[in-house]
Amino acid sequence: MSVSTAAIDPSVCAPLPVLGQDVTVPLVTGGEVTYAALDYAASAPALQRVWDDVAAYAPYYGSVHRGAGYLSQLSTDLFENSRRTVAAFLGCRAEDQVVFTRSTTDSLNLLAAVIPADCQVFVYETEHHASLLPWRDAQVTYLNAPRTPGQAVETLERALADRDPYGPALVCVTGASNVTGELWPVKELAAAAHAHGARIVLDAAQLAPHHPVDIAELDVDWVAFSGHKLYAPFGSGVLAGRADWLQAAEPYLAGGGASRKVARRADGGVDVDWHTTAARHEAGSPNVIGVYSIASACKALTEAGFDNLVAREQELVRRVREGLAQVPEVQVLSLFGDDAPRVGVISFVVRGWNSSHFAAALSAEYGIGVRDGLFCAHPLVRTLLGSDPQDPGECGAPEAEPGERSLNAIRVSFGAGTPDEHIDRFLRAVTELVREGAQWKYRTEDGRCVPDRGTAAQV
């Protein structure tokens, strides 16, 4: 998978308006500053367009599928039209289903619940925990972290060829790492999986907000992603792809909406006829607003020109990487190397700094929001940091002094709504903190590194 490096036309590629772009936050050193949200990989700010669409719909809110009233009928149409919008955004095949879930995690747990009982699952240790952990009832083979895209394909081919017994198999792989931002060779991995009789699911949580995803072109069997990373509010997600395993399995949740017919038997039991459509795994009253917000985000990104958004983001990636390279104390984490294509997700450590202390100083002294920790990808971060898998370390600030080396990293991430000024401020802040040190004292409180309000600024 490649990333566009086409020239950017500033007139058509300004940052997209997002919520919170004018929010100001206090600085521990005094005064206020406009908040620089550089934690898109955790949750991207909602697009203003999405919020406006949801606000316009809100007065017409109604329960879907079973209501005879006008608002229920309108909401049902909106819900099902949203399904078609998402299918088009993902390049779904005619026979594919789009199932709405709560998140990427929920989507992959749904898929884990419907795979055949004898299915073998192959997953790289480099995955986000949402992809790494759901396969508890399956025979799982965890693949070692590859150091090149070619090695990723070779590792998978060997593992699939050696499997015994030969039966149904599923490969789970990320499209873009939530730690390094590096793009994985999804199309090549899909070809390898299919050549060995396996299916493949793409965790597109970090890919879909930054790069077009086309199920048919990539030839993957399923795609999972979350709305809150795609510039929509929290609480909605998607699993899209092949319908056969979904239709053959018992519903993920049993209840209203998943059933077509329920009848008592003479022996006192209950017979249930389940839906064979996506509704089979959408029991209960669905999150109509969440679903509509995902569809609105899909439309907004498409109408803005995804190629232009990708090109602008690549310019930001270049600026951040070149800026960090000017600070010798900064080590950028990479699995595939400096030349690997990547999206706007970059993790790093700073020599002589505890990562949580550094992230806290960025927030408290510069109004910059980044992430520190292991990013729900503990095996990968430990591999990149060269630490032993048994070494202590967890998401959040360790019990360490601000100057001590930590086993965590710092992650900066950005996207379609990021202004140039936020990138400039971030690079300036990194340089100043490394060269001049923090202006304030910090301490660990409830697992987080925070400014010590009882100390004066160091001047």
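Every chain's residues receive numbers from 1 upward, in the order its sequence appears when written. Note on the predicted model: pLDDT of at least 70 is required for a residue's local features to be given, and 80 or more for side-chain atom pairs to be given and counted; whole-chain, interface and lining totals, by contrast, use all residues. No hydrogens and no water enter the side-chain calculation; it runs on all heavy atoms of the structure.

## A word on the overall build of the protein
So, point 1. The helix and strand tally for the protein stands at 13 helices and 19 strands.
So, point 2. Each radius of gyration reported is based on C-alpha atoms, and the globular scaling rule is 2.2 Å times the count of residues to the power 0.38. Expected size for 459 residues packed as a compact globule is a radius of gyration near 23 Å; at 23 Å, the protein falls within 12% of this value.
So, point 3. Reported as C-alpha extents along the three principal axes, the dimensions of the protein are approximately 80 × 55 × 50 Å.
So, point 4. In this scheme, a residue with accessible area under 20% of its type's maximum is buried, one over 50% is exposed, and one in between is partly exposed, where area comes from a 1.4 Å probe on protein chains only. By residue count, 55% of the 459 residues in the protein fall in the buried class.
So, point 5. Contacts: residue pairs with any heavy atoms within 4.5 Å of one another. The long-range share in the protein, meaning contacts at least 24 apart out of those at least 6 apart in sequence, stands at 71%.
So, point 6. When the accessible surface of the protein is split by element, carbon and sulfur atoms take 50% of a total near 19400 Å².
So, point 7. Positive charges come from Lys and Arg, negative ones from Asp and Glu, while His and the chain ends are left out of the count. Every charge is mapped to an atom, namely NZ of Lys, CZ of Arg, CG of Asp or CD of Glu. Across the protein, the 37 positively charged side chains and the 56 negatively charged ones have centroids separated by 3 Å. Secondary structure is summarised from DSSP: a helix means a run of H or I of at least four residues, a strand means a run of E of at least two, and numbering begins at the N terminus for each. To be clear on the numbers: accessible area is Shrake-Rupley with a 1.4 Å probe, and residue cover counts the displayed protein chains and nothing else.

## Focus: unusual backbone geometry
So, point 1. The omega angle of the peptide bond from D164 to P165 is 5 degrees, so this bond is cis rather than trans.
So, point 2. For P165, the location among the structural elements is in the loop between α5 (149-161) and β7 (169-174).
So, point 3. Although it is not a glycine, F375 adopts a positive phi angle of roughly 60 degrees.
So, point 4. Residue position: F375 is located in the loop between β16 (371-373) and α12 (378-385).
So, point 5. On the basis of relative accessible area, F375 is assigned to the buried category, the value being 6%.
So, point 6. Of note, D446 is a non-glycine position whose phi angle comes to about 55 degrees, a positive value.
So, point 7. Within the secondary structure, D446 is located in the loop between β18 (442-445) and β19 (448-451).

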